[in-house]
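Chain by chain, the residues:
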Amino acid sequence: MAGPLNENSRVVIVGAGHGGVAVAGRLRQAGYDGKIVLLGDEPGAPYHRPPLSKTLLGESHAQPLKPTSFYTDQRIDLRSGVSVVGIDRRHRNVQTAHHGTIGYDTLVLATGSRSRPLKVPGSDLDGVVELRTATDAERLRGLLRPGTRLVVVGGGYVGLEVAAAVAPHGINATIIEREDRLLARVASRELSAHLEAAHRNSGIGVRCGAEVAAFVPRPDGALAGVQLRDGRRVEADVALVGIGALADDALARDAGLACDDGVLVDEDSRTDDPSIWAVGDATRRLVRGADAAVRLESIPSATEQASIAVAAMLGHDRPATEVPWFWSDQLGHKLQMAGFVHMGEETVVRGDRATDRFALFHLKDGRIVAVEAVNSARDYMAGRKLIRDAVPVDRRRLADTETPLRAVALVA
Amino acid sequence: MPTINFIDADGVVTSAQGASGNTVMDIAVAQNVPGIVAECGGSCSCATCHVHLDPEWAPRVPEPDPEETDLLEFLEGADERSRLSCQLVISDELDGITVHVASN
């Protein structure tokens, strides 16, 4: 029954973030002529998520992913504000909170991720917020004014970007991180140290090795501060909790699909039900260069999976996969990262860290497995290619900015 | 409004109008032109909006800035007429421009 799609088919996509919208657009690009229903549980049209943290207080924080004409021109039946509450795999339909059932021939789960909750006393106070959606961003913006004391719980990318975005607006930001350094899970020690210095130099407080025990209320119920486990306390008017994300895989789990902190998908981005695909943050998959199935939280990964899934649905050849990559902007540092940093066994620095323009190449067995570039797009692009080609490199030439990156590979 | 012509990897031509101040990438995204993924939304981070300028138009388009040049140097399939369409701002001078979408 799960043959290639045709003009009489109906594809239902649950989730209208980057992944879901990419699947819809890609289906039309690839020539699919049947119905596309795109269900989003948030109000309004799909939007770019990165600016929520990167330019929280800037003018460009609300950027639609596509103009509204896109959905009509491409015959994509976008239904915003629709929550899907269940999947009936036997009858091939989804149940929505308000609109009854919608039948599908092919279902795509693009449900994304949700903020990992911090379960400590006081986390339900008014001044304690998270940042996942445009609504969250609006709420956080409304709480910030010059002089506001903001505590960011969690030194991950979202936390660092928010602290960097608000500091120039006279907001006193302090980052509290449980691990002994910022970005402990995702960046190298060298990059963490560089960014920590940049944040401190911008007047942002950084406390690593500090764990939150409770959010403490004032007598009127507003937030007074954050109590740390070591007994210290940080005064705060607003606290942003950004301690990572959990796959939003509840729908899939309830429907009996194989999940493991993420919907498990194969090389075609298909779940263990041949009629159901999944893409984006909600999925876990094998990736080139990784040592185990991973859950990537990134737009490039979601759009790559969208192309892979659509090719499989239509019986086309599987597109080539890319080295996973990610970007961030904070305090004048344009960061571009590719590969898996934790697999590296030695690090080569190219460029001068004092100039804020350099790249960290992480090597294993003499081959580059990851690159972290700071204001250094050329090193990043070359690094991606060198990771993909997996050729042994000459460490000395790699470290020498006078040697072109085309000449760092060891000639066999 | 200026008109932009996209020729995709299969030779299919898409022509669309775009307001001055928008970028060629904005128009490609609105028209769902295959090959323009534009993952970063136009912040010159991802190099997934690669186009080749039509030879006739190449001399008439302002030079790329160093950030764009850096992204282009190691981009697969890039040549001297390569540009990132997020950095091509539409103006009356570019009315009728033709770009070839890079095959990825």
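Conventions adopted
- Residues numbered from 1 in each chain as written.
- Chains lettered and ligands numbered in written order.
- Predicted model: local features only at pLDDT ≥ 70, side-chain atom pairs only at ≥ 80, totals over all residues.
- Heavy atoms only, no water.
- Pairing = 2+ DSSP bridges.
- Helix = DSSP H or I, 4+ residues; strand = E, 2+ residues; numbered from the N terminus.
- Axes fitted to C-alpha atoms, helices over the stretch in contact; angles between N-to-C directions.
- Core = buried A, V, L, I, M, F, W, Y, C linked by side-chain atoms within 4.5 Å.
- Buried < 20%, exposed > 50% of the residue type's maximum accessible area, 1.4 Å probe, protein only.
- Contact = heavy atoms within 4.5 Å.
- Parallel < 35°, antiparallel > 145°, perpendicular 65-115°, else oblique.
- Left-handed = near helix turned anticlockwise from the far one by under 90°.
- Nonpolar A, V, L, I, M, F, W, Y, C, P; charged D, E, K, R; others polar.
- Expected span 1.5 Å × (residues − 1).
- Salt bridge = Lys/Arg side-chain N within 4 Å of Asp/Glu carboxyl O.
- Phe/Tyr/Trp six-rings, centres within 6.5 Å; stacked < 30°, edge-to-face > 60°.
- Lys NZ or Arg CZ within 6 Å of the ring centre and 35° of its normal.
- pLDDT = per-residue confidence, 0-100.
- Polar contact = N/O pair within 3.5 Å; in protein donor to acceptor, adjacent residues only side chain to side chain.
- Domains from an automatic or database assignment.
- Buried area = accessible area lost by both parts, 1.4 Å probe.

Residues and elements named next belong to chain A. Pairing in this open sheet of three strands is antiparallel, and the strands run 4-5-6 from one edge to the other. Each end of this open sheet is capped by a strand with a single partner; those strands are strand 4 (84-88) and strand 6 (101-103). On average, adjacent strands in this sheet sit at an angle of 25° to one another, irrespective of strand direction. As defined by bridge partners, strand 4 adjoins strand 5 (residues 93-96) across four bridges and the pair is classed as antiparallel. Counted as the bridge partner of D88 is N93 from strand 5.

Time to look at the nonpolar core. F361(A), L398(A), F6(B), I36(B) and L84(B) are the most contacted members of the largest nonpolar core, which totals 54 residues. When residues of this core are assigned to their parent elements, the largest contribution, six residues, is made by helix 9 (residues 377-389) of chain A. Leaving out residues up to four positions away in the same chain, I36(B) has contacts with M25(B), A28(B), T48(B), C49(B), H50(B), V51(B), S85(B) and V101(B). Counting 34 residues, the second largest nonpolar core, distinct from the first, contains Y157(A), A173(A), L182(A) and M337(A).

Here we come to the packing of helix 5 (residues 157-166) of chain A against helix 6 (residues 189-201) of chain A. All names here are of chain A. Here helix 5 crosses helix 6 at 25°, and the two axes come no closer than 11 Å. Here helix 5 is positioned roughly parallel relative to helix 6, judged by the angle of their axes. Crossing handedness for the pair helix 5 and helix 6: left-handed. Counting all contacts with helix 5, which are made through Y157, L160, A163 and A164, the residues of helix 6 involved are L191, L195 and H199. Of the residues assigned to the contact of helix 5 with helix 6, the class counts are six nonpolar, one polar and no charged.

This part is about the environment of C46(B). Within the secondary structure layout, C46(B) lies in the loop between helix 1 (24-31) and strand 3 (50-53). Sequence separation of C46(B) and L84(B) is 38 residues, and the distance between their C-alpha atoms is 9.5 Å. When neighbours within four sequence positions are excluded, C46(B) is seen to be in contact with W325(A), R384(A), A38(B), E39(B) and C40(B).

So, about helix 6 of chain A. Here helix 6 of chain A contains 13 residues, and its C-alpha end-to-end distance of 18 Å stays within 8% of the 18 Å for a straight helix at 1.5 Å per residue. In the stretch just after helix 6 of chain A, G203(A) is the one whose phi turns positive, near 85°.

Residues and elements named next belong to chain A. Under the criterion given, the structure shown has 35 salt bridges over all chains. Notably, a salt bridge pairs R89 with D273, separated by 2.9 Å at the nearest N-O pair. Here R89, found in the loop between strand 4 and strand 5, pairs with D273, found in the loop between strand 18 (263-264) and strand 19 (276-278); they are 184 residues apart in sequence, far enough to count as distant. Given the relative accessible area of 9%, D273 is considered buried. Here E297 and R295 are joined by a salt bridge, their closest N and O atoms 2.7 Å apart.

What follows concerns the packing of aromatic side chains. In this structure the tally under the stated criterion is four aromatic pairs over all chains. Here Y157(A) and F326(A) contribute two aromatic rings whose centre-to-centre distance is 5.1 Å and whose plane-to-plane angle is 50°, an arrangement assigned as tilted. Here the residue Y157(A) occupies a position in helix 5, and F326(A) occupies one in strand 21 (residues 325-330), the gap between them amounting to 169 residues. By relative accessible area, which is 11% here, Y157(A) ends up buried. Residues W325(A) and Y380(A) carry aromatic rings whose centres are separated by 5.9 Å and whose planes lie at 50° to one another, so their mutual orientation is tilted. Of this pair, W325(A) sits in strand 21 while Y380(A) is found in helix 9, placing the two residues 55 residues apart along the sequence. Both residues of the pair, W325(A) and Y380(A), belong to the buried class. A connected cluster of aromatic rings, assembled from ring pairs, spans W325(A), W327(A) and Y380(A). Cation over ring: K66(A) sits above F70(A), and NZ or CZ is 4.8 Å from the ring centre. Its end group placed over the ring of F74(B), R406(A) keeps NZ or CZ at 4.5 Å from the ring centre.

Bringing the sheet that holds strand 19 of chain A into the picture now. All names here are of chain A. Read across the open sheet, the five strands follow the order 3-2-1-7-19; overall the sheet is parallel. In this open sheet, the two strands that pair with only one neighbour each are strand 3 (77-80) and strand 19. With strand direction ignored, the average angle separating the axes of adjacent strands in the sheet is 15°. Against the sheet, helix 1 (residues 18-29) makes contact with strand 1 (10-14), strand 2 (35-40) and strand 7 (106-109), and its axis sits at roughly 170° relative to strand 2, the strand it touches most. Lying on the sheet, helix 8 (residues 299-313) is in contact with strand 7 and strand 19; it crosses strand 19 at an angle near 160°.

On to the confidence of the model for chain B, then. On average, chain B scores 94 in pLDDT, and the residues at 70 or more come to 99%. As scored by the predictor, the complex reaches a pTM of 0.96 and an ipTM of 0.95.

For the rest of this paragraph, the subject is the side chain of D249(A). Residues and elements named next belong to chain A. One can find D249 in the loop between strand 17 (245-247) and helix 7 (250-254). Of the polar contacts made by the side chain of D249, one reaches the backbone nitrogen of G262; its length is 2.8 Å. The residues contacting D249, other than those within four sequence positions of it, are C259, D261, G262, V263 and A282.

We now examine the domain arrangement of chain A. Residue and element names in this part refer to chain A. Domains assigned within chain A are domain 1 (10-114 + 246-313), domain 2 (128-243) and domain 3 (332-407). Summarising the inter-unit geometry, the C-alpha centres of domain 1 and domain 2 are found 30 Å apart. Listed as interface residues are twelve residues of domain 1 and, on the opposing side, 16 residues of domain 2. Taken together, the two surfaces of domain 1 and domain 2 that pack against each other cover about 1300 Å², and 63% of this comes from carbon and sulfur. In this structure, K54 engages E161 in a salt bridge whose closest nitrogen and oxygen atoms are separated by 3.1 Å. Taken together, domain 1 and domain 2 are joined by seven residue pairs in polar contact (both at pLDDT 80 or more). Only helix 2 (50-54) and strand 8 (113-115) provide two or more residues apiece to the side of domain 1 that touches domain 2.

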